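Structural features, examined
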Amino acid sequence: MTHEILSFLSLPSTNDYLKERYDELLDGSVCLALHQTKGKGRLGRSWEGNEGSLLFSILLKDDKYQGFAGILPIMTGAALLKTFESYGTHPSIKWPNDIYLHDKKIAGILLEGVFEQTQQAIVIGIGINLNQEVMPTDLPNASSLKIESKKTLDKDIFLTRFLRNFDFYLKGLLLEDYRFMKHVQNNDFLKGKTVCFDYYGENLSGKALGIKEDGSIAIEKIDGTIISITSGEASLKK
Ligand code: BT5
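Description of the structure in this document. (Residues numbered from 1 in each chain as written. Predicted model: local features only at pLDDT ≥ 70, side-chain atom pairs only at ≥ 80, totals over all residues. Heavy atoms only, no water.)

Notes on the pattern of salt bridges
Rules: Take a side-chain nitrogen of Lys or Arg and a carboxyl oxygen of Asp or Glu: if they are within 4 Å of each other, that pair is a salt bridge. Buried, partly exposed and exposed residues are distinguished by accessible area as a fraction of the type maximum, computed with a 1.4 Å probe on protein chains only: under 20%, between the cut-offs, and over 50%, respectively.
According to the stated counting rule, one finds ten salt bridges in the structure shown. Linking Arg21 and Glu20 is a salt bridge whose minimum nitrogen-to-oxygen distance equals 3.5 Å. By relative accessible area, Arg21 is classed as partly exposed at 27%. One salt bridge in this structure joins Arg179 and Asp177, with 2.7 Å as the shortest N-O distance. Accessibility expressed as a relative area gives 51% for Arg179, which makes it exposed. By relative accessible area, Asp177 is classed as partly exposed at 24%. Salt bridges here are not isolated pairs; linked through shared partners, they connect Asp16, Lys19, Lys40 and Glu112.

Now the structure itself:
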């Protein structure tokens, strides 16, 4: 896939930029910003970043991606793992969309669909804490690659490597090759841990058994029954 890179000093949100202009942009366009004034997380949450972060979004607007929106965040996570591994760093995926290193969040993924009656496009936003030397004190669970591994990475090279890995896994996915799943399952942050999760409005806890082929997570409830959650949140029980 060709990636046209649109680079900005500051934007409200790289996701919003692509969502607002998907019609006139090419499939595979990447929007990159040094700063975001309204960086978004999931479920109305915000994403903080500064010039140490790598903040970008990818536009997918071909019909061939229809039906893959549910699995794309995990596939994107696998491509991030592969990229970090190329620098000798081994983070894991905290289902469904976080990258963790040494029990701290170093990256997050936000997939949004653009709908006009039917789905017109998918925007995948990625925020990576690469070179920050300190993280905001109101984010005690956050860290950066720099803090955790003392490495300073070139953001352009990281992005190039990531896009190569993303394209590799995406090409496979479109051919129903779910090889990236093995990568995710072998680096599953929650597996074996006790987690809290929301199940049809009820707050439950149980043991995470692992991420399944379809991208859901299997959880063994206290009563021994096993359920799968396909979306939402599972957090570590304190
Ligand atoms: C995410 O949401 O983790 C998805 C983040 C996606 C951000 C990218 S940046 C480029 C693109 N453009 C956008 O506008 N967004 C995308 P979620 O799982 O909801 O996590 C959000 C929560 O993580 C917040 O409520 C904070 O608690 C925490 N958080 C915020 N900034 C963080 C950071 N830099 N590092 C780690 N945690 C952070």
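A word on the sheet that holds strand β12 (residues 234-236)
Keep this limit in mind: Strands were regarded as paired on the criterion that DSSP finds at least two bridges between them. Strands here are runs of E lasting at least two residues and helices are runs of H or I lasting at least four, both read from the DSSP assignment and numbered beginning at the N terminus. Angular values range over 0 to 180 degrees, each being the angle between N-to-C directions of two axes fitted as lines to C-alpha atoms, with helices fitted over their stretch in contact.
If you trace the five strands from one edge of the open sheet to the other, you get β11-β10-β9-β8-β12, paired in antiparallel fashion. With one partner strand each, in any of the chains shown, β11 (226-229) and β12 form the two edges of the open sheet. Averaged over all adjacent pairs, the angle separating strand axes in this sheet is 45°, with direction ignored. Pairing between strand β8 (residues 194-199) and β12: three bridges, direction antiparallel.

Description of the sheet that holds strand β6 (residues 104-116)
Condition: Throughout, a residue-residue contact means that at least one pair of heavy atoms, one from each residue, lies within 4.5 Å.
Pairing within the open sheet is mixed, and its seven strands lie in the order β1-β2-β3-β7-β6-β5-β4. Either end of the sheet is taken by a strand with one partner, and the two such strands are β1 (5-11) and β4 (92-94). In this sheet, adjacent strand axes meet at a mean angle of 25° when their direction is disregarded. Across the sheet, helix α1 (residues 14-21) touches β1, β2 (30-36), β3 (53-60), β6 and β7 (118-129), and the angle it forms with β3 is around 20°. Lying over the sheet, helix α2 (residues 72-85) contacts β3, β4, β5 (98-101), β6 and β7, oriented at roughly 145° with respect to β6.

Some details on the site of the ligand
In plain terms, the rule: To be near a molecule or strand, a residue needs just one of its heavy atoms within 4 Å of it. Any pair of nitrogen or oxygen atoms within 3.5 Å is treated as a polar contact; in protein, a donor-acceptor pairing is required on top of that, and neighbouring residues in sequence qualify only through side-chain atoms on both sides. Residue burial considers only the protein chains on display, and all accessible areas are found by Shrake-Rupley using a 1.4 Å probe. For this classification, the nonpolar set comprises Ala, Val, Leu, Ile, Met, Phe, Trp, Tyr, Cys and Pro, the charged set comprises Asp, Glu, Lys and Arg, and every other residue, Gly included, is treated as polar.
Residues in contact with the ligand amount to 27 residues; listed here are only the nearest, Ser13, Lys40, Arg45, Glu48 and Lys105. In the environment of the ligand, an oxygen atom lies 2.7 Å from a nitrogen or oxygen atom belonging to the side chain of Ser13. Take Asn129: an N or O atom from its side chain is 2.8 Å from a nitrogen atom of the ligand. Relative to its unbound accessible area of 800 Å², the ligand is 90% covered by the protein chains. Elements represented by at least two residues in the shell around the ligand include exactly α1, β3, β6 and β7. Looking at the shell around the ligand, its residues break down into eight nonpolar, 13 polar and six charged.

A few points about the environment of Ile93
Along the chain, the position of Ile93 falls in strand β4. For the pair Ile93 and His183, spaced 90 residues apart in sequence, the C-alpha separation works out to 9.7 Å. For Ile93, the contacting residues outside a window of four places in its chain are Ile74, Gly77, Ala78, Leu81, Asp98, Ile99, Val184, Asn187, Asp188, Phe189, Leu190 and Ile211.

Description of the pairing of β5
What you see with β5 is no split at all: Asp98 and Tyr100 on one side and Ile99 and Leu101 on the other are buried throughout. Two strands pair when backbone bridges link them, and β4 and β5 are joined in this way by three bridges, in the antiparallel orientation. Considered in β5, the bridge of Ile93 is made with Ile99. What sits between β5 and β6 in their antiparallel hairpin is a turn of two residues, with His102 showing a positive phi close to 50°.

Considerations on the nonpolar core
How we decide: Only buried residues count toward a nonpolar core. Its members are Ala, Val, Leu, Ile, Met, Phe, Trp, Tyr and Cys residues joined through side-chain atoms within 4.5 Å.
Counting 56 residues, the largest nonpolar core has Phe56, Ile128, Phe158 and Phe162 as its most contacted members. In terms of nonpolar packing, the next biggest core, distinct from the first, is built from twelve residues, Leu18, Cys31, Val114 and Ala121 among them.

Fair warning: the whole summary comes from geometry, so function is off the table for now.
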